[in-house]
Structures are given as C-alpha cells and as structure tokens.
Amino acid sequence: MPDNTKERTASQGKGTSRREFLYHAAALAGVAGMGTVLPKSALANTAEPTKGGFMKFGLADGSQADSLDPATWPSSFALAALGGSMCNNLTEILPDGSVVPDLAERFESSEGATKWVFKLRNGATFHNGKKVTPADIIESMQHHMGKGTTSGAKAMLAQVESIGADGKEAVTFKLTSGVADFPYLLADFHLPIMPAKSEGGLDWGAKVGTGPFLLEHFEPGVSAKLKRNPTYHKEGKPYLDEVEFLVITDAVARTNALVTDEVQYMEEVDIKTINMLKRNPDIAMQLVASARHDAFDMNTQVEPFNNNDVRLALKYAMNRDEILNKVYFGSAHLGDDNPLAPSMPFAIAPKPQHTYNIEKAKEHLRKAGYETLRIDLSVAESAATGSVEVAALFKEQAAKAGIEINLIREADDGYWDKVWLKKPFVAVGYFGRATADWLFTQFYQTGAAWNSTHFSHKRFDELLIAARGETDQTKRAAQYAEMQQILHDEGGTITYAFLNYTNAVSRKVGFNTVGGVFPLDNGRASERWWLNA
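Residues numbered from 1 in each chain as written. Predicted model: local features only at pLDDT ≥ 70, side-chain atom pairs only at ≥ 80, totals over all residues. Heavy atoms only, no water.

Undergrad: Got a sec to walk through the nonpolar core? Specific residues and values, please.
TA: Formed by 154 residues in total, the largest nonpolar core has its most connected members in Phe173, Phe296, Tyr328 and Phe394. Among the elements that line this core, the one with the most residues is helix H2 (residues 76-86), at seven residues. Sequence-distant contacts of Phe173, defined by excluding residues within four places in its chain, comprise Leu90, Thr114, Lys115, Trp116, Phe118, Ile137, Met141, Val160, Ser162, Ile163, Phe182 and Leu186. (Core = buried A, V, L, I, M, F, W, Y, C linked by side-chain atoms within 4.5 Å. Buried < 20%, exposed > 50% of the residue type's maximum accessible area, 1.4 Å probe, protein only. Helix = DSSP H or I, 4+ residues; strand = E, 2+ residues; numbered from the N terminus. Contact = heavy atoms within 4.5 Å.)

Undergrad: Got a sec to walk through the packing of aromatic side chains? Specific residues and values, please.
TA: Following the criterion strictly, the structure yields 33 aromatic pairs and no others. With a centroid separation of 6.5 Å and an interplanar angle of 25°, the aromatic rings of Trp116 and Phe118 are classed as stacked. Owing to a relative accessible area of 0%, Phe118 belongs among the buried residues under this scheme. With a centroid separation of 5.1 Å and 40° between ring planes, the pair formed by Phe346 and Tyr480 is classed as tilted. Here Phe346 is found in the loop between strand E16 (333-334) and helix H10 (358-367), whereas its partner Tyr480 is found in helix H15 (residues 473-490), with 134 residues between them in sequence. (Phe/Tyr/Trp six-rings, centres within 6.5 Å; stacked < 30°, edge-to-face > 60°.)

Undergrad: Outline helix H11 (residues 387-399), supporting the account with residue identities and numerical values.
TA: For H11, built from 13 residues, the straight-helix expectation of 18 Å at 1.5 Å per residue is met to within 8% by its first-to-last C-alpha distance of 18 Å. Looking only at H11, the buried set comprises Ser387, Val388, Val390, Ala391, Leu393, Phe394, Gln397 and Ala398. (Expected span 1.5 Å × (residues − 1).)

Undergrad: Any chance you could break down the sheet that holds strand E21 (residues 501-506) for me, citing the residues and the numbers?
TA: Overall, mixed pairing links the seven strands, which are arranged E10-E11-E12-E3-E13-E21-E14 in an open sheet. Since the sheet does not close on itself, it has two edges, and those belong to strand E10 (213-219) and strand E14 (283-288), each with one partner. With six bridges joining them, E10 and strand E11 (residues 223-228) adopt antiparallel strand pairing. When the bridges of E11 are listed, Phe213 appears paired with Arg228. (Pairing = 2+ DSSP bridges.)

Right, dumping it as structure tokens:
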C-alpha cells in the first residue's frame, strides 16, 4: 500500500488517492462478488422493516463448555448470540463483503499500512452506561495477545507491535509490517469490544457489550436470551424486541422446531429434507453463497501424517465426486485441497487435481514405507455438514488403496473443545474468511492457535508476510498462488467441498441481502432482521 494516508468512513472514503481506490476496489470486488445474493424464492419477506417481536433461532452448535470469554468462541452460537447480538467490533463486514467502521467512526492508514488509527464513535456506550474509551479497545485486543493465550485471534494480532491511545477518542495500532487488509481482521468475531477492568485486563465476566441487545440469560449448551438495547448507537436498530438462540444439535429436532414455530430460523438444514420444507407454505429456504468449506484435517507433526506421502495417499484415496453426489446431492462444489474458495480474490486451481486414483494412492503409500495403513478419523454431526456420511464413504473408498479408516463417532457437545485441535485426524467445517490473508493467517501460519493441522512451512510464512503489504497486484497474486499450491501439495487439510449456508426461516421473518462470510448474516442477523406482523 502507498505511504499516503487513506481514510474510510461508514459512508465514503476521504483522502484516498486514485491508485489506492483502485487497489481496494480490486481487492474487494471478488469478496463482494463472493455470492451473498439470495434467489428470490429464498426471501421470506422484504417489505419495510417493522418494529417489535420475539424471534428464536435454532442453531446446530453450542456446547456446555461455551463461555462469555471471546477468546474461546468457536461456533456460530457464540458468533451470533454473544458476538453479533451483545457486542460490536471496531469494524463490521456488510452483506456485500465490504468492511466499514462500527464502534470506530472512521479509520485511516499511513506509513505503508504499518500504522492504523481508529477514531472511536462519539457517544458509544456499554450496556451499563459506561462510555467506550481507548482503554477498552486496548484491553479487548491485548486479551488475545501474548504467549499464554490460546485465542483464535492470536495469530492475526501477532503482527501488532503496539496499541496505544491517541488522545481520548482514538486508538493507534503499529504493525511490524504493512497489512492492507487490517480493518477486515478487526471484524473477526473473537475481537468484540468489552469493558476494561480498572486494574487492567478485560472484564468479559461483566456480561455487557455495546451491541443491539442486552444479555438476560445464558446457559451454555442450551440457550442465550437477550432484549433490545434502547440506547444502541445505530439509529433505528435493532427491529426486534427480544431474541433467543437455542442450541438444537439434532437436525430433525431443529426441523420440527421450525415447522411448529418454536423457532423462526434454523441453520444447517438436512439436505434430504429441503424438498419437504419447500412444500410448506409457512417456510422459506435461505440459501446463502459463501466461502465455507468442509474438510478432514491431519496433524502434520505426528505419525503417520508427518509424512507428506501419507497425506497425498489420503488425498488421492478420496472420491470427491461420489461424495458430492451422495451426501450433498450436487448442492456443493468440488474442493481440491485449496481452502481459498474459487470465488475469492487471488484464488487459483492448483495442479495436478487430486482426483480419485487408487494407483496414485498406493504409490504414495509405498513411498511412505507402507503397504497398508490403519488410522482413526474422528467425526460428529456438529463438526461439518454430513461429515459422518462423508467419512463412511471415504472409509469405503480408501480401503481399495489398503488404507483402513477406523471411524470414531464423537459426541456433538464438546466436539470443538475435546476433539478439534486435540486428535490427529478430525472432521472440520470452516466458515471461510473474507480475505486470503485472514484465512491463511488464522488457520495455516506457523503457530496459529487455530492451525489444526499444525502446518509449519518456512516459505509459506515468508510469502504470507510479504503479500500482506504488497501493492503490486500482479506480484501479490503470484504470492497467493504459490501459497495455495503449497497447501495443495503439502498441507494437512483435505478440503473436499465448498458449500452454501443452507438454512430455513419462517415466512414471518424479514431480511434483505444476507451476508455469507460468516453464518447468520455475518453474525448480525438479530440486528438486521425483523418479524412481519
């Protein structure tokens, strides 16, 4: 990024050179075009928003281990109920994929994007009436930094050299190198702004944020109930009076709850029931295109997965076409061990394609020193869409190459706390991220807290740092292309499918275009949606 300052407000860009404007327009074009537009049949009712009502959301995840501590938030339940309803971030991702200020009133960069200043929104307050100050911003960030933290945001903030107050109304971030996409990173759902303790540290236990709703009741693994914030800083929002997020891990139970109007929204519709739901005049399908992807992750630091030939054998031992047809019924798109969705900026199709090839799988297995191989694979319904069915097919497919996969059906509750990041071969459903840098930093950089494959590659890390501040888009594209090729050839993630968010709503629910970077309208459904009379 050029050294001259750029500034972005919620309504317009100021002080932006033509070169910078074109640079950011190009970077965001692919994100906005990632496909957040809904087919007309998916719209419940887009009449003018109406005030009032009590809406209930039936969610597929949530755990008794859930906490108000944002460093621990792993799922759509925490994202939407605690992050998007109770809290705000400095920045927000709109439904079109662009990033705008939220608790910040504006932001600007200088010194080659190594310095970022965020001017705080005047009058923003926490639910207890306390004004938001720079100290709250600083502690909200530092909560995820340092050697002891296991936060999913640790790797993204590792590039922050210092954070300091710039007077009483602004905060300055100084970075170790230029980061063109830095405002995007601050929209991550682990980074809500919470009040600072007077003695230092983050008071996440206070149960207050700045968001559209105030927390009334929270029972981990069961529900969170919230009521409207009458002093919310966004004029006219939220529309709803109350919201409740219910953990209903079983797809049949979620469907029954929607059909009986116990909930007005259900996420993760069982694909086999879509036609049945379509025939119900009181329900509409909500299909939101996204960069989410389903995968099986191998810990590349432990045997036998520390041998890349074993990883390649497993990649060639999967018949992805059969999986797409039999599990997703053609509703998903082929994944080829590159986590960057084809619709995202800088995405490539690495070569050679990992097609189902038993001879290639056997060849790599022999190179690794095995004639046969027995491994455990942990799966759960809450891990990824249809992961249990996918794993069963994979077991049959891989057996033809001499690979015996022992399937371990894990409990849905606690999967993200007790299995993911802990066992060596696991099913994972990734939300996706808005930029390549965000995705690679959070999941594939050496030492990242959420690097579940424990992948560590010197060249990959060098390219990641170089690409962050590169302003020549041709060079940046080449850097990201090489990184994708590395993950495809050597990574520990078997990315087999890209898919939409497939949800269903009562036709009483109103909404406009729905964002697809994160679930539930980028986590802001409770703020953006309404109930029609």
